[in-house]
Structures are given as structure tokens and as C-alpha cells.
Amino acid sequence: MRAEGIEAARRILCVFPRYTSAFGTFEYAYPLTDGVKAFMPPQGLLLIAAYLPESWPVRFIDENIRPASAEDFEWAEAVFVSGMHIQRQQMNDICHRAHAFDLPVALGGPSVSACPDYYPSFDYLHVGELGDATNELIARLACDVTRPAQQVVLKTVDRVAMSEFPVPAYELAETRRYFLGSIQYSSGCPYQCEFCDIPGLYGRNPRIKTPQQIIAELEKLRECGMTDTVYFVDDNFIGNRKAALDLLPHLVEWQKRTGYITRLACEATLNIAKRPEILAKMREAYFVTIFCGIETPDPDALKAMQKDHNMMVPILEGVRTINAYGMEVVSGIIMGLDTDKPETGEALQAFVEESRIPLLTINLLQALPKTPLWDRLERENRLVHDEGRDSNVEFLLPYDDVVSSWKRCMEVAYEPEKLLARYEYQCSYTYANRLKVPLSPEKKSWANIRRGLIMLRNLFWQVGVRGNYRRSFWKFAWSRLSKGDIEGFIGSAVIAHHLIMFARAASSGRQNASNYSLRLREAAVPAE
């Protein structure tokens, strides 16, 4: 579906802002690849680009790959921007640069939808999802592309059904430059975890696309060169369990037809471990990773944050169940909870070792607008409006103690020997449970072999020769390569390198202690 009934054609420049260096963007891994420059294609802007009238020329720039140039701004008649809270500084910078060319700038996405007051400089604010506000924005620009005298705020009331979403304009993105592909099946989550803003932004009743739409998007990604790993960005893949079960057979059929060249990953609540019928189909569809918001191994803390569903199955048992279906668990962990104690850091370190989860995103608690946590802390006068801090929460434990404990956990969890031992376990016991897929012609192609050789060369030289954890690296490399596990070695070693390097920066105070922090720092590589 596209916007219809628009006669005037406008040139639209869609600009996605750089990320500030973060644990979950994997930037330390990029130099080990065959040319990756950014994390995932941004769904929002590419969806809008596909929704615009067919006669409107659209140019898409991801500033994680290259900055928008003067020529880009000179070409455009209007600029569209989208992003999250952590990209706030960079979004405002794009607006400033566009205004230098006297271009109207429209901002949409999760950050402005939650906090319109953060963005007084933009000409148009698009609050909410694709819908009537989008149509009004398009109509206004069709009539007049001069900057309005004052800011215009457009709020979506009538949303476009996800079953009518167009395929995102992946062809506009340099898909081969991304670490992962991205795809969205649903929006919203039925749970109301205290710290999460998803129900407030997108609702508790998950809206879904049709399986046919998802297959069409996977085909489009494949046509555009993204054939490695595609991540379902849904906040909870099993938010609607029936819909997930409806989709999975279509994914299985598509994988069989295309030769299983694409690995799949998603986010889901840990209670997926109670659904063997879903896990079995996910394994058959070649899902290899599930991000689970475990948050904490402390049952009292889970109850306090209204995440009781994580206790439907013992946490370690749930992790092992998912591993038994060949899927690695990636875990979200939060420190600074009201239930934390001085010994919480040590308990977390023990959990990391016992769970054998390699990748845990360990964050300080951050209160986001439109969450029950924000509302409670505001009532308790415990919100700290100081963007120089790593968290906007007044912890019950001393702030400096919580930050020190976080740094120590990052240092210990990502000590090379320990991290690579956890990956050794995953290779031997989790990855071994994955579906044994055929060696398709695409996997045997020279392009794919060349890619693997480039990554091996980069690992051996940059980590094995020039790196400063060489002994641990070569021990892991010998173990995997002697078993012929080249794929397991490359995948694990590339991710491990990012985790090790980021954790070292974090434990020395050179990174934010929360991926969601509003602490404004310069982007890793400023746009211009």
C-alpha cells in the first residue's frame, strides 16, 4: 500500500542518524568483516520511503555508513529523519544541517513519539505509527515545501493496518554494509514490565503482518544481497503465540525452497521455553538466536518489575531448554534495581558462569518516558534530570557503588578466557543441536567462500597477531578449527572481539553504563 491521490512530486531525503557507540551495535566487530559499516537497516524510514507516492523520488542515507552530503541536501525538497532517544543529539544535528539549506525537516519514530518536547527545532513532528498523520504530512508537503512559520505536530489516530504495510524500501539501502538484516512481523506486547515503553507506545494487543508479507520481505532482502542473518525486530516474537505458529510453517517452506541460506533471530520472553511446539518449528525454520529479557536472576526483583512471566520456568532451565533446540540465548540484564543489594554484582557474575550465556547486555536501570517506572519514580521524586549521569534514576544504593559494580561485572563477564569458554560451550552443545542444513549452491559459491576467507584473515591478523588476548584466542581457534567448525569459530570470534573490546572501554569508564541513557555523547564518528 502507498499513499494515493497525490499529484505533485517531491524529492524526499531520508536520513538515519549515527548511533552513539553502544554495546549492542557491534562496531568493534566491523573491521573483522568483509566491509560491514552499520548494524541493521532502519525499518521505520525504509517503510516510510516505500509508503510515499510512487512518483516521489526518494534518497536514503544511513549516516552510520556515510554522512549526508551537501549534494544530497541540494537535491532534496524535504528531509525525513527518525531515531531513538540515544540518537537525539545526532537527529538535532541533521535538522540543523538541513535548515542550512532552508529545507523543511520532519521527524518521526519512537523518540519523538514518546517525547515531542525534545525536538523544538524540527518543522514537522510525526507522533505515532504509520497512519493518518503520515497522510497529512504527505499532503502538506505536496501543497507546499517551504518551511512552516511554526512547528507542526501531527499525531496518528487512525493507524494503517500492518497487513497493509508496503515492503520496506530495502533497495534504497546498502544492505551488504549491514551486520544483520531486519524485518518486523508484529508491533506491541501484551506484558507490562515496569521499565518498558513498548505497551505505552504501540499497545498491548500485538498487531501483525500476514505470513505472505514476511515472505515477500525476506525475498526482497535476499534480492538486495542480505542472505546471512535476518533479525525479527518485534519486541516479543511470541506476543501473539497463535500468529507466531501461523508464520513458522511459511518460514520453514521458504527456507527449504531457498536452501537455508538465511539464519533467523528474534526477541522473545523467556516463557517461550514452555512452548516446545513453537521452539521445534523455530528450529526447523533455522532460528539460531533468541534475545530474552531475563533482566535479573532474582525472583523478588522480577516480581517487583512485573515480570513474573520470567518465573513460569526456572531461568537456567529455560535457557537450557532453548539451547537444546539449537538456539543461543542472548540476555538483557539490568543493574540498579530497587531490590539490588551490595552483593548483587557477585550474584550476577555467578549467573553468567552458570548459564553459560556468552552475550549479556548489562545495563544500568534507565527510566524511559511512557513507562510505569517513570511514573512511579516521578511520584517518589527519584528522577534525576542530569544528562551528565549514566542513569536518570536515584538508586536506593549509592550511585557510585552501582556504577562501580556495573564496571566490575562488565570486566569479569567479558574477560577473554571466560567469554571464549562460554562460546566453546555454545559451539559444542548449542550450535550442535541446530538443524543440519544442506550445503546449497549459494553457500558453496566463490563469493561466500571469499567472504569467509577475508574474515579468517582479519581475525588471524588483527586478533591472533596484533591483539592483546592472543593466547585465549588461539586456544579457542585451535579447538574449533581442529574439529572443522569454521563457521562456529568465525561467528563466535567476531562477536567475542566486540564484547571484549567494548567491555574494556566500559570498565575503564569510556562507555555509558546504559544503552538507553540520555547522556549525550558525540557519535563514534561524527557525521561532518
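What comes next is a walk through the structure. (Residues numbered from 1 in each chain as written. Predicted model: local features only at pLDDT ≥ 70, side-chain atom pairs only at ≥ 80, totals over all residues. Heavy atoms only, no water.)

1. What to know about the overall build of the protein
For the protein, the count of helices and strands is 18 helices and 14 strands. Oriented by its inertia axes, the alpha-carbon framework of the protein measures out at about 65 × 60 × 50 Å. Taking the contacts inside the protein whose residues are at least 6 apart along the sequence as the reference set, 79% of them involve residues at least 24 apart. Counting every atom, the protein has about 21,800 Å² of accessible surface; 52% of that belongs to carbon and sulfur. Each charge class in the protein was averaged separately, 60 positive and 66 negative side chains, and the resulting centres sit 7 Å apart. (Helix = DSSP H or I, 4+ residues; strand = E, 2+ residues; numbered from the N terminus. Contact = heavy atoms within 4.5 Å. Areas by Shrake-Rupley, 256 points an atom, 1.4 Å probe, with all protein chains shown as cover. Lys, Arg positive; Asp, Glu negative; His and termini not counted. Charge placed at Lys NZ, Arg CZ, Asp CG, Glu CD.)

2. With respect to the environment of Q306
Position of Q306 among the secondary structure elements: in the loop between α10 (299-304) and α11 (315-324). You can call Q306 partly exposed: its relative accessible area is 40%. Not counting the four nearest positions on each side in its chain, Q306 is found in contact with Q192, C193 and E194. (Buried < 20%, exposed > 50% of the residue type's maximum accessible area, 1.4 Å probe, protein only.)

3. Things to note about a nonpolar patch on the surface
A cluster of nonpolar residues, W446, I449 and L453, forms a patch on the protein surface that exposes about 330 Å² of accessible area. Assignment of secondary structure puts L453 in helix α16 (residues 446-465). The partly exposed category is assigned to L453, whose relative accessible area is 46%. (Patch = residues over 30% accessible without salt bridge, like charges linked within 9 Å, V, L, I, M, F, W, Y side chains within 5 Å. Salt bridge = Lys/Arg side-chain N within 4 Å of Asp/Glu carboxyl O.)

4. Overview of the sheet that holds strand β10 (residues 229-232)
One open sheet accounts for 6 strands, arranged β7-β10-β11-β12-β13-β14; its pairing is parallel. At either end of the open sheet lies a strand with only one pairing partner, and these are β7 (181-183) and β14 (360-364). Taken pair by pair, the neighbouring strands of this sheet meet at an average axis angle of 20 degrees, ignoring direction. As judged from the 3 bridges shared by β10 and strand β11 (residues 263-267), these two strands associate in the parallel manner. (Pairing = 2+ DSSP bridges. Axes fitted to C-alpha atoms, helices over the stretch in contact; angles between N-to-C directions.)

5. Description of the sheet that holds strand β1 (residues 12-16)
Overall, parallel pairing links the 6 strands, which are arranged β2-β1-β3-β4-β5-β6 in an open sheet. Of all strands in the sheet, those bounded by a partner on one side alone are β2 (58-62) and β6 (152-155). Taking the axes of each pair of neighbouring strands and ignoring which way they run, one obtains an average angle of 20 degrees across the sheet. In terms of strand pairing, β1 meets β2 through 5 bridges, oriented parallel. Within the sheet, the bridge partner assigned to L13 lies in β2 and is R59.

6. Overview of the packing of aromatic side chains
The final tally for this structure, using the stated rule, is 20 aromatic pairs. When the ring of F73 is compared with that of F101, the centres are 5.4 Å apart and the planes differ by 20 degrees; the resulting orientation is stacked. You can see F73 sitting in helix α2 (residues 70-75) and its partner F101 sitting in the loop between α3 (88-99) and β4 (105-108), a full 28 residues away along the chain. On the basis of relative accessible area, F73 is assigned to the buried category, the value being 3%. Here the aromatic rings of F476 and F489 are separated by 6.1 Å at their centres, their planes lie at 40 degrees, and the arrangement is tilted. With F476 in helix α17 (residues 470-481) and F489 in helix α18 (residues 486-507), this residue pair connects regions lying 13 residues apart in the sequence. (Phe/Tyr/Trp six-rings, centres within 6.5 Å; stacked < 30°, edge-to-face > 60°.)

7. Quick notes on the layout of surface pockets
Regions of empty space are outlined by a rolling probe, equal in size to a water molecule, passed over the atoms. In this model, the second largest pocket occupies a volume close to 390 Å³. Around the second largest pocket sit 21 residues that line it, and R18, E27, Y30, K37 and N64 are the ones nearest its centre. Looking at the lining of the second largest pocket residue by residue, the classes come out as 11 nonpolar, 7 polar and 3 charged. (1 Å grid on protein atoms, 1.4 Å probe; cavity = no way out; pocket = protein on both sides within 12 Å on 5 of 7 lines; lining within 4 Å. Points joined across faces, edges and corners; volume = space filled by probe spheres on them. Nonpolar A, V, L, I, M, F, W, Y, C, P; charged D, E, K, R; others polar.)

8. Digging into unusual backbone geometry
Of note, the phi angle at F26 is positive, near 60 degrees, even though the residue is not glycine. Following the sequence through the fold, F26 ends up in the loop between β1 and α1 (43-51). Located in the positive-phi region is N381, a residue other than glycine, with phi close to 60 degrees. Among the structural elements, N381 can be located in the loop between α13 (372-379) and α14 (399-413). Judged by its relative accessible area of 70%, N381 is exposed.

9. What about the nonpolar core?
One finds F232, F237, L251 and F287 to be the most contacted residues of the largest nonpolar core, which totals 147 residues. Of all the elements, α18 adds the most residues to this core, at 11 residues. Those residues in contact with F237 that lie beyond four places of it in its chain are Y185, F232, A244, L247, L248, C266, E267, A268, M282 and F287. Listed in part, the 24 residues of the second largest apolar core include V15, F73, V79 and A98. (Core = buried A, V, L, I, M, F, W, Y, C linked by side-chain atoms within 4.5 Å.)

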